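# Summary of structural features
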Amino acid sequence: MKKLIRQTAIIMSSAAWIVACDSPPTDEKLMQTLQEDVVFLAADDLGGRAIGTEGEQKAAEYLAKEFEKIGLAPKGTEGFFQPFTVSKPSNPHEEAVIGTNGEGVTGRNVVGFLDKKADKTIIIGAHFDHLGMGGQGSLHRGDSSIHNGADDNASGTAALLALAEILKFEDLKSNVLFIAFSGEENGLWGSNYFTKNPTLDLKTVNYMINMDMVGRMKEDNSLAINGVGTSPSFPPVLDLINTDSLKLITSESGVGPSDHTSFYLQDLPVLHFFTGQHEDYHKPSDDAEQINYAGIIKVVRYITRLVKQLDPEEKLAFTKTKDSSDSPRFTVSMGVVPDYMFDGKGMRVDGVSEGKPAQAAGIQKGDIVVQLGDSTIVDMMSYMRALSAFQKGDSTKVVLDRSGKKIESVVKF
């Protein structure tokens, strides 16, 4: 009898699991799966997921299995995988050459397709690689250490899986192509390769959504959405679907330091979602326990509403924007991490690097730069213009707003 009861319990448990898998995930279920995905991807065992490493390969295999479990069809060139090889130049002024053959480092995009039998497709992407043990791009000043990249970008990758699980239950008039990119940290290598070697006709693509660093939503529920100027269809719906009272901070440019840029350059409308910079950015301290999982759920639910709101429209019109690639070039750095979510006047400092000019000048996290030299700083662009006027060895006055008080100091570059 006990054996029969045990077997019955197993059958009932299995049936409950099947029912759960055949219904849209609740927030509770999303919380669980998001945590599982981020913890796996940001574990020391994966060694920071640098392109071409064993950890990156393990991450790619994990994502392919998750795509398969969700029910996506493989849409790479080798099942779910789209391998690409990058020959890194010896001359730093030359561009890396991305191809399928030749010597260099090999990465793999992971590509899955949600087939809704439609004639148009949405692309949703996130990069899953990170910095490995640090090196170029790291802001860590100590010994070589594993950079787990929980927010950058295990968070976006976990959100990608969550959206696949949600959207498979939606009655959409669009197919959805889910892509986990590799090589983003090295120069958008994976997304660049995909757009030059797409596994479906890009002419059928309606728009692209990119999630990069969506795991550290702040208490004010701020969410940056970049690229809103790339289609006239975007701005009218952003506030309409904001039922969670998120603080939306938008920018028009389709160009930025993440994978949506590769698609914008193919004349496709793009949106990039981002919850903000923080002091653990590109450091070994970007770990899973720092992640705001409830915040990721808000991002995922917002994007779900966006996809549904845009779904009845025909192919979205594309608009070129004034891009950040037109920004002034500069040869010096203050050594600060800007707060890209700040929407007040000036440039707010979100972190200060050790041994850099800002630290020597006494600049602190939270300070707002309101003047640099003779230039008034009202936003990030004016800060960059002011910075471009200086050369190594120059000194200049900097005026800071620190908790409402004006403080003057001198920065030596």
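In the block above lies the structure referred to throughout.
An account of the accompanying structure is given in this report. (Residues numbered from 1 in each chain as written. Predicted model: local features only at pLDDT ≥ 70, side-chain atom pairs only at ≥ 80, totals over all residues. Heavy atoms only, no water.)

### Some remarks on the overall build of the protein chain
The secondary structure content of the protein chain amounts to ten helices and 16 strands. Counting only C-alpha atoms, the protein chain reaches 80 × 50 × 50 Å along its principal axes. Expressed as a percentage of the 413 residues in the protein chain, the buried residues total 53%. When the accessible area of the protein chain is evaluated, it comes to approximately 19300 Å², of which 50% is carbon and sulfur surface. A gap of 2 Å separates the mean positions of the 42 positive and 56 negative side-chain charges of the protein chain. (Helix = DSSP H or I, 4+ residues; strand = E, 2+ residues; numbered from the N terminus. Buried < 20%, exposed > 50% of the residue type's maximum accessible area, 1.4 Å probe, protein only. Areas by Shrake-Rupley, 256 points an atom, 1.4 Å probe, with all protein chains shown as cover. Lys, Arg positive; Asp, Glu negative; His and termini not counted. Charge placed at Lys NZ, Arg CZ, Asp CG, Glu CD.)

### Things to note about the pairing of strand S7 (residues 205-211)
Within a regular strand, side chains alternate between the sheet's two faces. For S7, the buried fraction is high: seven of the seven residues fall into the buried class. The sheet contact formed by strand S5 (residues 121-127) and S7 spans five bridges and is parallel. The residue bridging Ile124 from the neighbouring strand is Ile209, located in S7. The pairing of S7 with strand S10 (residues 270-274) spans four bridges and is classified as parallel. From the neighbouring strand, Met208 faces S10, where its bridge partner is Val270. (Pairing = 2+ DSSP bridges.)

### Considerations on the packing of helix H2 (residues 27-41) against helix H8 (residues 293-310)
Axis separation between H2 and H8 bottoms out at 10 Å; the angle between their running directions is 115°. By the criterion of interaxial angle, the relationship of H2 to H8 is roughly perpendicular. Crossing of H2 over H8 shows right-handed handedness. Contacts between H2 and H8 involve Asp27, Leu30, Met31, Leu34, Gln35, Val38 and Val39 on the former and, on the latter, Tyr293, Ala294, Ile296, Ile297 and Arg301. (Axes fitted to C-alpha atoms, helices over the stretch in contact; angles between N-to-C directions. Parallel < 35°, antiparallel > 145°, perpendicular 65-115°, else oblique. Left-handed = near helix turned anticlockwise from the far one by under 90°. Contact = heavy atoms within 4.5 Å.)

### Details of the nonpolar core
In this structure, Val110, Ile124, Phe178 and Phe273 are the most contacted members of the largest nonpolar core, which totals 66 residues. Element by element, the count of residues in this core is highest for helix H4 (residues 150-167), at eleven residues. Non-local contacts of Phe178, meaning those with residues more than four positions away in its chain, are made with Phe67, Leu72, Val110, Val111, Gly112, Leu114, Ile124, Leu160, Leu163, Ala164 and Leu167. Met334, Val349, Val369 and Met384 belong to the second largest nonpolar core, which has 20 residues in total. (Core = buried A, V, L, I, M, F, W, Y, C linked by side-chain atoms within 4.5 Å.)

Shape descriptors only; they carry no functional weight alone.
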